[in-house]
Amino acid sequence: MCGIVGILGNHEAAPILVDALRRLEYRGYDSAGIATIDKGRLGRRRAMGKLVNLSDLLMHEPITGKSGIGHTRWATHGAPNVVNAHPHRAKDVAVVHNGIIENYKELRDELTAAGLVFETETDTETVVQLCMSYLDEGMSPIYAAAATIDRLEGAYALCFLFDGEDDLLIAARKGSPLAIGHGDGEMYVGSDALALAPMTDKVTYLDEGDWAVITRNSLEIRDAQGKQVSREMRTIKADASSTDKGIHKHYMMKEITEQPTVLADAIGHYSNAETGAISVPGLDIDFTSVDKITMVACGTAYLACSVAKYWFEQVARIPCEVDVASEFRYREPPMSDKSIALFVSQSGETADTLAALRYCAGKVAKTVAVVNVAESSIARECDISLPIHAGVEIGVASTKAFTCQLVALAAVVISAARARGVLDAKGAQELRDALNSLPGLINQCLTRKNDIDKVTVELAKASDALFLGRGAMYPLALEGALKLKEISYIHAEGYASGELKHGPIALVDEHMPVIVMAPKDALFDKTVSNMQEVMARGGKVLLVTDQQGADAARDGVWKTIVMPPVHDMFAPILYAIPAQLIAYYTAVRKGTDVDQPRNLAKSVTVE
Ligand code: F6R
């Protein structure tokens, strides 16, 4: 979603702002803009579409100055066009905003009644107009910004820049994250530490409700009550090279290919250094008294939870509920104080997941974050935070975060099962060995990527596709369908194989590719029967299975992708790789924007 940067620097700000915005591109956006102060005067440039358009505009119509703010906009209120692009400006004040101002209509009516004229339909313009009205009343920029922030309801990360003030930024945070970077006689603001990585690794995160007065040599933070507070300055690891595509054409392929390495790293973090046994540092939970696990997430993270539900129930024998955060947060489910709730999120900033966490806080025994961004809001608000160690994920379609989420969740399941006495030492060792074999197996899978590429020649011609799976492979079928539709724009659905006869089989004809994810496990024969039903109706089956499965499946399968054998429990992790590759190569063939698919955002900070 929208990305924010701000700079009080000692060099020309425009190129640095654009470069910082480039590092926020992965969040998804449809327009971009910057504003700077030169000799006290505010200047602004905005452009539709990709950042290259803004860079081109700046070549022809440069703006100078060493202080500035910048923004990539993912449209919420108002079409994605230049007028609606940020920074928004009302005479002496320019503002960039991430989030939604919920009471903007009320504020706008009030300001319109007072004679102010609005040029856009956006909620953000209300912020600049309101702030300008306070400046017109004679308030100083700091007081005007504070009075404005005080009136806002909803979610926001904001950064204000004022005409005549070349050493002042005001930043505020409620619901959307904001980091303040410390340089040498320079200060920065960014939606995340990655945006600021080339400039500084010293970062202070604003807490909920905080607002900050920033100059080149000072930072003063106040909380929502206006009380001056101090927030810890951290040294962040996000290094400047994390956003490099390396030899790959797309971030998505880079991230798919990184999986053997990052999974090995993640497994290492969840293994006891001396014994090698699976253990979860900091998981201070007495699982013997836990009566239920609730897992809440969105999108791919939700599907990781859906896989883990099978594990919690079958391996740890704990009743488990999984829900999408946007439903859970308004469902008002009764929560047991003996239960624990897990919130799984790559970004750690997803608005619905954060709201679900806030609903559970105080109602359950412990809240647990499973996140990739260790400093994120979800990580900081949960009682326990488990990092997934996937490294920065830039491609909008989640790949390595999914498999690393599953590793972290598997480690929790194994720890819980051991603590509850339902998994003996031998069983735990078997699972540990199986987990440790995954990086090697993924590597083997990746060596066969050309075979998968070939299969997509036909898939890319389809307008619809079905993915089938049983047991814990059912959520993986859903994940395969989600990946395919989000990056190739082919309509795809995932179904539990046994559900096919209850409706979706009506869709099957010779044009319908049906991708069956089925290792040769205890449920394989049942899935093969469902596959036969598809083939009998002319459906084209692409079977993803192991050698035993390929041998056992009868004639008529259109294509088979043969996977290395894997422990049943971890098949959803290994089979995620062909699911990702099928989507990737299909999208590349179709020429879609693989890393930044249309309409999507990486970090969904509005509901
Ligand atoms: C799909 C995808 C999304 C995210 C979802 C949740 O490939 O990436 O479905 O999984 O938006 O995001 P996080 O994990 O950041 O909460």
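Quantities reported herein were computed from a predicted structural model and do not represent experimental measurements.

1. Details of the sheet that holds strand 16 (residues 293-297)
By definition, the strands of a sheet pair up through backbone hydrogen bonds, in either a parallel or an antiparallel sense.
Alright, step 1. In space, the five strands of this open sheet follow the order 17-16-18-19-20, with parallel pairing throughout. Each edge of the sheet is formed by a strand with only one pairing partner; in this case those strands are strand 17 (320-324) and strand 20 (384-387). Strand after strand, the sheet turns through a mean of 20° between neighbouring axes, direction not considered.
Alright, step 2. Summarising the sheet, strand 16 and strand 17 pair through five bridges and their orientation is parallel. Within strand 17, the residue paired with Thr-294 across the bridge is Glu-321.
Alright, step 3. Sheet strands touched by helix 11 (residues 351-360): strand 16, strand 18 (340-345) and strand 19 (366-371). Its angle to strand 18, the strand with the most contacts, is close to 165°.
Alright, step 4. Helix 13 (residues 400-419) contacts strand 16, strand 18, strand 19 and strand 20 of the sheet and is inclined by roughly 165° relative to strand 18.

2. Side note on the pattern of salt bridges
Alright, step 1. Per the stated rule, a full pass over the model turns up 34 salt bridges.
Alright, step 2. With a closest N to O distance of 3.6 Å, Lys-483 and Glu-486 form a salt bridge. Of this pair, Lys-483 and Glu-486 both sit in helix 16 (residues 473-488), three residues apart, which is roughly one turn of the helix. Of the two residues, Lys-483 and Glu-486, both sit in the buried class.
Alright, step 3. Salt bridges sharing common partners tie together Arg-173, Glu-208, Arg-358 and Glu-381.

3. Quick look at empty space enclosed by the protein
Alright, step 1. The full count for this structure, using the stated rule, is three cavities of 30 Å³ or more.
Alright, step 2. Together, Cys-2, Arg-73, Trp-74, Thr-76, His-77, His-86, His-97, Gly-99, Thr-122, Asp-123 and Thr-124 line the largest cavity.
Alright, step 3. Those elements giving two or more residues to the lining of the largest cavity turn out to be strand 6 (93-101) and helix 4 (123-136).
Alright, step 4. Along the lines of polarity and charge, the residues of the lining of the largest cavity split into two nonpolar, seven polar and two charged.
Alright, step 5. Size it by volume and the second largest cavity reaches roughly 40 Å³.
Alright, step 6. In terms of lining, the second largest cavity is formed by Arg-470, Met-473, Met-517, Ala-518, Pro-519, Asp-521, Leu-523, Phe-524 and Thr-527.
Alright, step 7. Partitioned by chemical class, the residues of the lining of the second largest cavity number six nonpolar, one polar and two charged.

4. Description of the layout of surface pockets
Alright, step 1. Considering only enclosed or pocket space, the largest pocket measures out at about 940 Å³ in volume.
Alright, step 2. Contributing to the lining of the largest pocket are 40 residues, with Asn-372, Val-373, Ala-374, Gly-391 and Val-392 lying nearest its centre.
Alright, step 3. Elements that contribute at least two residues to the lining of the largest pocket include exactly helix 6 (193-196), helix 8 (259-269) and helix 12 (377-381).
Alright, step 4. At three residues, helix 8 tops the list of elements feeding residues into the lining of the largest pocket.
Alright, step 5. Tallied by class, the residues present in the lining of the largest pocket amount to 14 nonpolar, twelve polar and 14 charged.
Alright, step 6. Of the pockets and cavities examined, the second largest pocket occupies roughly 620 Å³.
Alright, step 7. Surrounding the second largest pocket, 30 residues form its lining, Cys-298, Gly-299, Thr-300, Ala-601 and Val-604 being those nearest its centre.
Alright, step 8. Elements represented by at least two residues in the lining of the second largest pocket include exactly helix 9 (299-314), strand 18, helix 11 and helix 16.
Alright, step 9. Residue contributions to the lining of the second largest pocket peak at five residues, all from helix 9.

5. Focus: helix 9
Alright, step 1. Helix length check: helix 9 (16 residues) gives 23 Å between terminal C-alpha atoms against 22 Å at 1.5 Å per residue, within 8%.
Alright, step 2. Buried within helix 9 we find Thr-300, Ala-301, Leu-303, Ala-304, Cys-305, Ser-306, Val-307, Ala-308, Trp-311 and Phe-312.
Alright, step 3. Elements in contact with the buried residues of helix 9: strand 16, strand 17, strand 18, helix 13, helix 16 and helix 19 (571-574).

6. A few points about the site of the ligand
Alright, step 1. Around the ligand, the structure places 13 residues, and the nearest of them are Ser-345, Gln-346, Ser-347, Thr-350 and Glu-486.
Alright, step 2. Ser-345 places a side-chain nitrogen or oxygen 2.6 Å from an oxygen atom of the ligand.
Alright, step 3. About the coverage of the ligand: the protein hides 90% of its 410 Å² of free accessible area.
Alright, step 4. Looking at the shell around the ligand, the element that brings in the most residues is helix 9, giving three residues.
Alright, step 5. A per-class count over the shell around the ligand returns four nonpolar, seven polar and two charged.

7. Details of the sheet that holds strand 22 (residues 491-496)
Alright, step 1. Here we have five strands laid out as an open sheet, ordered 22-21-23-24-25, and parallel in their pairing. Strand pairing shows two members of the sheet lacking a second neighbour, strand 22 and strand 25 (559-563), which therefore form its edges. Going across the sheet, the axis of each strand differs from the next one's by a mean of 20°, ignoring polarity.
Alright, step 2. As defined by bridge partners, strand 21 (residues 464-469) adjoins strand 22 across six bridges and the pair is classed as parallel. In the strand pairing of strand 22, Leu-468 is matched with Tyr-495.

Procedures and definitions
- Residues numbered from 1 in each chain as written.
- Predicted model: local features only at pLDDT ≥ 70, side-chain atom pairs only at ≥ 80, totals over all residues.
- Heavy atoms only, no water.
- Pairing = 2+ DSSP bridges.
- Helix = DSSP H or I, 4+ residues; strand = E, 2+ residues; numbered from the N terminus.
- Axes fitted to C-alpha atoms, helices over the stretch in contact; angles between N-to-C directions.
- Contact = heavy atoms within 4.5 Å.
- Salt bridge = Lys/Arg side-chain N within 4 Å of Asp/Glu carboxyl O.
- Buried < 20%, exposed > 50% of the residue type's maximum accessible area, 1.4 Å probe, protein only.
- 1 Å grid on protein atoms, 1.4 Å probe; cavity = no way out; pocket = protein on both sides within 12 Å on 5 of 7 lines; lining within 4 Å.
- Points joined across faces, edges and corners; volume = space filled by probe spheres on them.
- Nonpolar A, V, L, I, M, F, W, Y, C, P; charged D, E, K, R; others polar.
- Expected span 1.5 Å × (residues − 1).
- Near = heavy atom within 4 Å.
- Polar contact = N/O pair within 3.5 Å; in protein donor to acceptor, adjacent residues only side chain to side chain.
- Areas by Shrake-Rupley, 256 points an atom, 1.4 Å probe, with all protein chains shown as cover.

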